[in-house]
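Examining the three-dimensional arrangement
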Amino acid sequence: MKILVVGTGAREHAICQALHEEADLYSLMSNQNPGIARISQFKIGSEMDIQGVKKHALNLGVDMVVIGPEAPLEHGIVDTLNEAGIPCVGPTQEAARIETDKAFMRDLFAKYKVPGSIAYGVFDGVDDAAEFIDDFGEDVVVKPVGLTGGKGVKIVGEHLKHSEDAKSYVKEIIDKKIGGHASVVIEERLVGEEFTVQALVDGDNLVPMPAVQDHPHAYEGDQGPITGGMGSYSDKNGLLPFLDQKNYDASVKVMEETVKAVKKEVGPYKGVLYGQFMLCRDGPRLVEYNARFGDPEAMNVLPLLETSMLELCQGVIDGNIKKAQFKRQATVCKYLVPNGYPDSGKPGQPIHVDEEKIHAEGGMVFYAAVNQKNNEVLTTGSRALAVVTTADDLQDAEERCERATKFVEGDLYHRSDVGTRQLIEKRIQHMQEIRG
Ligand code: GLY
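Quick caveat, the model's predicted, so the values are computed rather than measured.

The helix and strand tally for the protein chain stands at 15 helices and 25 strands. The C-alpha radius of gyration computed for the protein chain amounts to 21 Å, which stays within 12% of the reference 22 Å derived for 436 residues, consistent with globular compactness. Expressed as a percentage of the 436 residues in the protein chain, the buried residues total 58%. Partitioning the intrachain contacts of the protein chain with sequence separation of at least 6 by distance along the chain shows that 67% fall at a separation of at least 24. Within the structure as shown, the protein chain displays about 17,600 Å² of accessible surface, and the carbon and sulfur contribution to it stands at 45%. The positive charge centre, built from 47 side chains, and the negative charge centre, built from 67, are 1 Å apart in the protein chain.

What follows covers the site of the ligand. Residues in close proximity to the ligand include Asp214, Gly228, Tyr274, Asn290, Arg292, Gly294, Asp295, Pro296 and Glu297, which together make up its full environment. In the model, an oxygen atom of the ligand is placed 3.3 Å from a nitrogen or oxygen of the Asn290 side chain. Contact distances for the ligand include 2.8 Å between a nitrogen atom and a side-chain N or O atom of Glu297. Considered on its own, the ligand offers 200 Å² of accessible surface; in the complex 81% of this is hidden by protein.

A word on the sheet that holds strand E22 (residues 376-379). Strands sit in the order E21-E22-E19-E24 across an open sheet of four strands; the sheet is antiparallel. In the strand order of this sheet, the two ends are held by strand E21 (370-373) and strand E24 (408-409), each with one partner.

Moving on, we get to the side chain of Thr8. Here Thr8 lies in the loop between strand E1 (2-6) and helix H1 (10-19). Within the structure, Thr8 has its side chain in polar contact with the side chain of Glu47 (distance 3.0 Å). In contact with Thr8, other than residues within four places in its own chain, are Met29, Ser30, Asn31, Asn33, Ile36, Glu47 and Ala368.

Moving on, we come to helix H8 (residues 126-136). One full turn of an α-helix is made of 3.6 residues, so residues set three or four places apart face in the same direction. The complete set of buried residues in H8 reads Ala129, Ala130 and Ile133. Projected down its long axis, H8 shows its buried positions confined to an angular sector of 100°, all on one face. Facing away from the buried side of H8 by over 90 degrees, the exposed positions are Asp127 and Asp135. Residues of H8 that are buried in the fold lie against strand E6 (120-123), strand E7 (140-144), helix H9 (163-176) and strand E9 (184-188).

A separate point is the nonpolar core. Within soluble globular proteins, side chains that are nonpolar generally end up buried alongside one another. Leu4, Val65, Ile98, Tyr289 and Leu385 are the most contacted members of the largest nonpolar core, which has 74 residues in total. Broken down by element, this core gets its largest block of residues, seven residues, from helix H10 (residues 245-266). Beyond its immediate chain neighbours, meaning those up to four positions away, Leu385 contacts Lys334, Tyr335, Leu336, Ile351, Val353, Val365, Phe366, Tyr367, Ala368 and Val408. With 48 residues, the next largest nonpolar core counts Val89, Val272, Ile317 and Phe366 among its residues.

On to empty space enclosed by the protein, then. If you roll a probe as big as a water molecule over the atoms, it shows you where there is empty space left. One pass over the full model with this rule turns up one cavity of 30 Å³ or more. Quantified by volume, the largest cavity comes out at close to 60 Å³. Taken together, Ile15, Val66, Ile67, Gly68, Val89, Gly90, Pro91, Gly271, Val272, Ala291, Arg292 and Phe293 form the lining of the largest cavity. Those elements that place two or more of their residues in the lining of the largest cavity are strand E4 (64-67) and strand E16 (270-280).

Quick look at the pairing of strand E10 (residues 193-202) now. Within E10, nine of the ten residues are buried, which leaves it mostly tucked inside the rest of the structure. Note that E10 and E16 share ten bridges and pair antiparallel. Residue Glu193 lies in a different strand from E16, and its bridge partner there is Leu279. Where E10 lies against strand E11 (residues 206-208), three bridges are found, and the strand directions are antiparallel. Note that in E11 the partner of Leu200 across the bridge is Val207.

Another point: the pairing of E16. Regular strands place side chains that alternate from one sheet face to the opposite one. Counting buried residues along E16, ten of its eleven residues qualify, which places the element largely inside the surrounding structure. Sheet topology places E16 next to strand E17 (residues 283-290); seven bridges connect them, and they run antiparallel. Following the sheet pairing, Gln276 is matched in E17 by Glu288. Here E16 folds back onto E17, and the loop between the two strands holds two residues.

The rules we used
- Residues numbered from 1 in each chain as written.
- Predicted model: local features only at pLDDT ≥ 70, side-chain atom pairs only at ≥ 80, totals over all residues.
- Heavy atoms only, no water.
- Helix = DSSP H or I, 4+ residues; strand = E, 2+ residues; numbered from the N terminus.
- Rg over C-alpha atoms; globule rule 2.2 N^0.38 Å.
- Buried < 20%, exposed > 50% of the residue type's maximum accessible area, 1.4 Å probe, protein only.
- Contact = heavy atoms within 4.5 Å.
- Areas by Shrake-Rupley, 256 points an atom, 1.4 Å probe, with all protein chains shown as cover.
- Lys, Arg positive; Asp, Glu negative; His and termini not counted.
- Charge placed at Lys NZ, Arg CZ, Asp CG, Glu CD.
- Near = heavy atom within 4 Å.
- Polar contact = N/O pair within 3.5 Å; in protein donor to acceptor, adjacent residues only side chain to side chain.
- Pairing = 2+ DSSP bridges.
- Arc of directions from axis to C-beta.
- Core = buried A, V, L, I, M, F, W, Y, C linked by side-chain atoms within 4.5 Å.
- 1 Å grid on protein atoms, 1.4 Å probe; cavity = no way out; pocket = protein on both sides within 12 Å on 5 of 7 lines; lining within 4 Å.
- Points joined across faces, edges and corners; volume = space filled by probe spheres on them.

Here you go:
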């Protein structure tokens, strides 16, 4: 079976790693990711050049294409490939609106009464939005309707001091069309602990994966600017120390109801659905969806997969996906990122990775924003690489992961607190406080 994976980062490295022993693997990436390059036959090209991807897939005669990132989904890569007779793991442009159009997502929840929804309004006028903020009377979250690479969401009490700042940000979004639309979604601010549930979806059925918690803040103790995610952990029972089975099941139910609603509204959703939830006092609420695996969260779940990834991908395409088995192990993932990231991570800096020593700690390396040139691995400015460990318990996985990070040299930093007992205790305590 010939498979083409589209995308350049650590998420795509993890997808390729899960597939390479089962398939004749090809990849298309925008620069040379050394991890993907060594396990696939690669071509350097833009993942946004949809006609170029189609031509390459047709020339290779691949049996399926797996799309890693969201941007080509937004531009209809799956529709184009499907029209050319090439099946894909990834939703159509319309179905991907669950991520790419935040107004579509909230309106879908309201129309189909999907559980886990929240108070919100969608506005293309500054005055109406300001009136909503005043009437609501509590802290809000302001989101551009379109994609902003995770950098467009601003929360009163965190990034915005008060409601007047929220109104100014609304005006900026509308005036500058941030995210590609002169339109904003204003939502109630949720209080709780965030977590991720990812699932493969065949149009009707979901294969949910172990829950994961990411760490978006750049610095230890959840300080500093929001990033793409500095690291993540999962526990051996598929739950999280602050998330029980009942609330995990409730989250999966939200995703199942969403998939039904998407089918009725725009046609079947086939691909990966990433649900970001807030566990609130009264249960999980949906913060947002992504139409792809999470980065870093893909690196927690895919190494645990015992079921064939190839069979799961085929099930997505054929509409008959079967249940998946995951190893009962804890995982910890820590991202190493260039000093200055996320504001000014320096590109072109060499890094050296002693993979043998990392493997000796039971660790794996997933390369992200790096480029391999003449046997050197150079940063490109964003998150450089992730070290991931699996073990029988979280403490062991975290300690191994921390030791393994020492075998990466470069002008880099990481959050050593990800997955530590101290930080996990803080999460548990936070949930206890919220529940009173
Ligand atoms: N972990 C955040 C994301 O994948 O968007």
